[in-house]
Amino acid sequence: MFLGGALAALGGQRAFARPPKEVPGIKPRSDAWYDLNFTGDGLMDNQLLWFLGHASTGTSDIGECLETAKRIQAGEEKSWFDAWLATAERVHRVADQAQARGHVLSAGETYARAANYYRAATMHYTDRGDPRLLEATHRASATFERANALLNYPAQPIEIPYEGSSLPAYFIRSPHAKPSAPVLLMHQGLHAWPEETKWVYDGACKRGYHALIFHGPGQGRSLREKGLTFRPDWERAVSPVVDVAERIAGVDPKRILLMGLSFGGALAPRAAAFDQRIALCIANPGVLSWWEATCAHFERFLPGVLSLLRSQPELFDRAIHRLADGWPTAAYWLRDVQWKHGAGSPSQVFQKLSEFDNTPIIEKISCPVLIMEGTAEDASPGQSQKLYDALKGPKHLMMFTEEEAAPLHCQAGSVALAAQRLFDWLDENV
């Protein structure tokens, strides 16, 4: 019965089989201000908005982003990568020229944008056989560091020892900090890099908090340069970062804060449950069960298919592949998560995803937890409230609304307001 329902649902997806002018995202198009419809691809437009929002931190320019978007073909990963890479290289050349003529500040600011565009290129591209992907990764970090050097921005590159390898990281020492100051550890989630989340680490720096931003396994450079993949026992990734942070001069070891964004809103609470040195956890958005959130999406598109996962994994794989064959968004997601979780098939990656559930360990979290959630959350809708309800210790749910023009996942496009509200709350509670 379940197989029949799944295959019937697959039949409903045949509308995606012919190359569409419009590639659907995970939600239908709307007339909301944030539904841009620039690339013709719902997910790509969502990711474009993330980079448009960085203009307020000086790491993107609106014209550069929109000109790039017009060169992207809906549903074509390679066109996304090619477009952003071309923009990054062009802006990088402008920075080179400015530096050669002695315009140090202009060069630094321009390199900062170029670095962000290299990162943008990697966000929606899964072709590991393309040598340009690793090259863009290297260029992103090298250009970021070059910008910081020219701008005298205090981001010190460090490598966090991790199980025979290391996690790339930056320690950002606040010039406004007291002799013993809190430190904000920050990691991203499934797609973004911590370097591009400048509203967090720069907001901390300006307010006297040190920051330590890092690439956990499965993320950014750790994935692309070192081949490290996600793990459900996220404390094994965070505890080495805490080990380094508490030994840095000027860091108050009793005020170590941990923030995870996007998928990181599921990972950070898990780490806080097992490492008692974390004094406060910030989940943006909060996620009680990433597994449940993932299942909810697939139950919408393929009702009943998850019943096949353990009983008939081969049929499950066929159903998921058939969906991906007709829908570029699903195909991209599948390639992306299999790579980042070190899985070889849909059934393998879904079995791995089933381990990302904080429900069994939620009572172990004793530190205060701040949850940030937008009313238009689409990656894990409803999970912030579930996490809040399940927590037994101190907690606060910070909502962002349509009226504030800030309802999106991780406050995309609204980071100035997000920084203000986040750090006002931290100043009152840390």
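Look up: the structure comes first, before these words.
Residues numbered from 1 in each chain as written. Predicted model: local features only at pLDDT ≥ 70, side-chain atom pairs only at ≥ 80, totals over all residues. Heavy atoms only, no water.

Caption draft 1: Representation of the overall build of the protein in the model. Of the regular secondary structure elements, the protein holds 17 helices and eight strands. By the compact-globule yardstick of 22 Å for 430 residues, the protein fits well, its C-alpha radius of gyration being 21 Å. Buried positions account for 60% of the 430 residues belonging to the protein. For the protein, long-range pairs separated by at least 24 residues make up 71% of all intrachain contacts whose partners lie at least 6 apart in sequence. For the protein, the exposed surface amounts to about 16,900 Å²; the carbon and sulfur share of it is 53%. In the protein, which carries 44 positive and 49 negative side-chain charges, the distance between the mean positions of the two groups comes to 2 Å. (Helix = DSSP H or I, 4+ residues; strand = E, 2+ residues; numbered from the N terminus. Rg over C-alpha atoms; globule rule 2.2 N^0.38 Å. Buried < 20%, exposed > 50% of the residue type's maximum accessible area, 1.4 Å probe, protein only. Contact = heavy atoms within 4.5 Å. Areas by Shrake-Rupley, 256 points an atom, 1.4 Å probe, with all protein chains shown as cover. Lys, Arg positive; Asp, Glu negative; His and termini not counted. Charge placed at Lys NZ, Arg CZ, Asp CG, Glu CD.)

Caption draft 2: Layout of the packing of aromatic side chains. Applying the stated rule across the entire model yields 18 aromatic pairs. Ring centres of F81 and Y125 lie 4.3 Å apart, and the angle between their planes is 15°; on these two criteria the pair is classed as stacked. In this pair, F81 is assigned in helix 4 (residues 77–100) and Y125 in the loop between helix 5 (104–123) and helix 6 (131–151), connecting sequence segments 44 residues apart. Accessibility expressed as a relative area gives 0% for F81, which makes it buried. Aromatic side chains F263 and W290 sit 4.7 Å apart centroid to centroid with 35° between the ring planes, which places their arrangement in the tilted category. With F263 in the loop between strand 5 (251–261) and helix 10 (264–274) and W290 in helix 11 (residues 290–301), the pair connects residues that are 27 residues apart, well separated along the chain. Note on F263: relative accessible area 0%, which makes it buried. On the accessibility criterion, W290 (11% relative accessible area) is buried. (Phe/Tyr/Trp six-rings, centres within 6.5 Å; stacked < 30°, edge-to-face > 60°.)

Caption draft 3: Quick peek at the sheet that holds strand 6 (residues 278–284). Taken together, eight strands build an open sheet; the order of strands is 1-2-4-3-5-6-7-8 and the sheet is mixed. Two strands lie at the open edges of the sheet, namely strand 1 (155–162) and strand 8 (395–400), each paired on one side alone. The mean angle between the axes of side-by-side strands here comes to 20°, regardless of whether they run parallel or antiparallel. Note: strand 5 against strand 6, six bridges, orientation parallel. Bridge pairing in strand 6 places M259 opposite I282. Against the sheet, helix 16 (residues 383–390) touches strand 6, strand 7 (369–374) and strand 8, its axis set at about 165° to strand 8. (Pairing = 2+ DSSP bridges. Axes fitted to C-alpha atoms, helices over the stretch in contact; angles between N-to-C directions.)

Caption draft 4: Structural view of the packing of helix 13 (residues 313–326) against helix 15 (residues 346–353). For the pair helix 13 and helix 15, the least separation of the axes is 8 Å and the interaxial angle reads 100°. One finds that helix 13 runs roughly perpendicular with respect to helix 15. Across from P313, F316, D317, I320 and H321 in helix 13, the residues of helix 15 making contact are P346, S347 and F350. In the contact of helix 13 with helix 15, the residues fall into five nonpolar, two polar and one charged. (Parallel < 35°, antiparallel > 145°, perpendicular 65-115°, else oblique. Nonpolar A, V, L, I, M, F, W, Y, C, P; charged D, E, K, R; others polar.)

Caption draft 5: Representation of helix 15 in the model. Taken residue by residue, helix 15 has P346, S347, V349, F350 and L353 as its buried positions. Each buried residue of helix 15 lies within a common arc of 165° when the element is viewed along its axis, so the set occupies one face. Residues of helix 15 that are buried sit in contact with helix 11, helix 12 (308–311), helix 13 and helix 14 (328–341). (Arc of directions from axis to C-beta.)

Caption draft 6: Fine view of unusual backbone geometry. With an omega dihedral of -5°, the bond running from N284 to P285 counts as a cis peptide bond. In this structure, P285 sits in the loop between strand 6 and helix 11. Despite not being glycine, N37 has its phi angle at roughly 60°, a positive value. One non-glycine residue, Q411, adopts positive backbone phi at about 55°. Here Q411 is to be found in the loop between strand 8 and helix 17 (415–429).

Caption draft 7: Representation of the pattern of salt bridges. In the structure shown here, the tally under the stated rule is 25 salt bridges. One salt bridge in this structure joins K78 and D82, with 2.8 Å as the shortest N-O distance. Placement of both K78 and D82 in helix 4 is noted, with a separation of four residues, approximately one turn of the helix. A residue is classified by how much of its surface remains accessible, and K78, at 48% relative accessible area, is partly exposed. Assessed through its relative accessible area of 26%, D82 is described here as partly exposed. Here E163 and R231 are joined by a salt bridge, their closest N and O atoms 2.9 Å apart. Taken as a pair, E163 in the loop between strand 1 and strand 2 (165–172) and R231 in the loop between helix 8 (220–226) and helix 9 (235–245) lie far apart in primary sequence, 68 residues in all. (Salt bridge = Lys/Arg side-chain N within 4 Å of Asp/Glu carboxyl O.)

Caption draft 8: The nonpolar core, seen in detail. Among the nonpolar cores identified, the biggest contains 72 residues, and L185 and L212 are the most heavily contacted of them. In this structure, L185 is in contact with L212, F214, V241, V242, A245, I256, L257, L258 and M259, ignoring residues within four places of it in sequence. If you look at the next biggest cluster of nonpolar residues, it comprises 69 residues, including C65, I72, L261 and L422. (Core = buried A, V, L, I, M, F, W, Y, C linked by side-chain atoms within 4.5 Å.)

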